[in-house]
Amino acid sequence: MPYLLLIISLLLIPSALAGLSAAPYVPTRKKDVARFLKLAKIEKGEIVYDLGCGDGRLLAAAAKEGARAIGYEMSLLNYLFCLFFRRGIKLKLQDFFKGDFHDADVVYMFLSQKAHNKMGKILTPQMKKGSRIICYVWPIEGMAAEMVDKEAGRPSMYVYVNN
């Protein structure tokens, strides 16, 4: 019984911490993954990051487009799921607030509004000119979106191009 409690704690505590620091696990809708691909305009060989990659569906789609797909995940449950069920993606079990994104062509975020704002300040100086940040649901305050994609009954997507 103590081993079971230990295992449950090791799986659930990181998920709770991830939810508190950035966002709870709420996957991007499958229909919106296709929207992301259209907006991101991913070219073969580009590097795509998903911050809080969850079940990895967005990264798997980007990898099929020829991208080098890299996901940051703090929840051990989601990390293990991706590790065993998603092929063609690289995973990092670590805090993306401390990540290095100098090589990113595209960064996708579906986090809390507060986390979007914090990451916007981190990403902008790190990312190369012409790279894209795509935010699902919430914009980055203080940054002008190059484009806002709105579809009836669906969350907005905000596209930022680093200058």
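Calculation criteria
Residues take numbers from 1 onward in each chain, read along the sequence in its written order. The predicted origin of the model limits local features to residues at a pLDDT of at least 70 and limits the giving and counting of side-chain atom pairs to 80 or more, whereas totals for whole chains, interfaces and linings rest on all residues. Note: side-chain values were computed over all heavy atoms of the structure, leaving out hydrogens and water. The way it works is that DSSP assigns letters per residue, a run of H or I at least four long becomes a helix, a run of E at least two long becomes a strand, and they are numbered from the N terminus. Relative accessible area decides the class of each residue, using a 1.4 Å probe on protein chains only: under 20% of the type maximum gives buried, over 50% gives exposed, and in between gives partly exposed. In this description, contact between two residues means that some pair of their heavy atoms is separated by no more than 4.5 Å. Only the protein chains shown count as covering a residue, and every accessible area follows the Shrake-Rupley method with a 1.4 Å probe.

So, the overall build of the chain
Here comes step 1: In terms of helices and strands, the chain carries five helices and seven strands.
Here comes step 2: The order of α-helices and β-strands along the chain, N terminus first, is α-α-β-α-β-α-β-β-α-β-β-β.
Here comes step 3: For the chain, the proportion of its 163 residues judged to be buried stands at 47%.
Here comes step 4: Here the analysis covers contacts within the chain between residues at least 6 apart in sequence; of these, 57% occur between residues at least 24 apart.
Here comes step 5: Looking at the chain as shown, the accessible area adds up to about 8,900 Å², and 61% of this sits on carbon and sulfur atoms.

Remarks on helix H3 (residues 57-64)
Here comes step 1: When we look at burial in H3, the residues that qualify are Leu 58, Leu 59, Ala 60, Ala 61 and Ala 62.
Here comes step 2: Packing partners of the buried residues in H3 comprise helix H2 (30-40), strand E1 (47-51), strand E2 (68-72), strand E3 (89-92) and strand E4 (106-109).
Here comes step 3: Gly 66, located one to two residues past H3, shows a positive phi value of around 100°.

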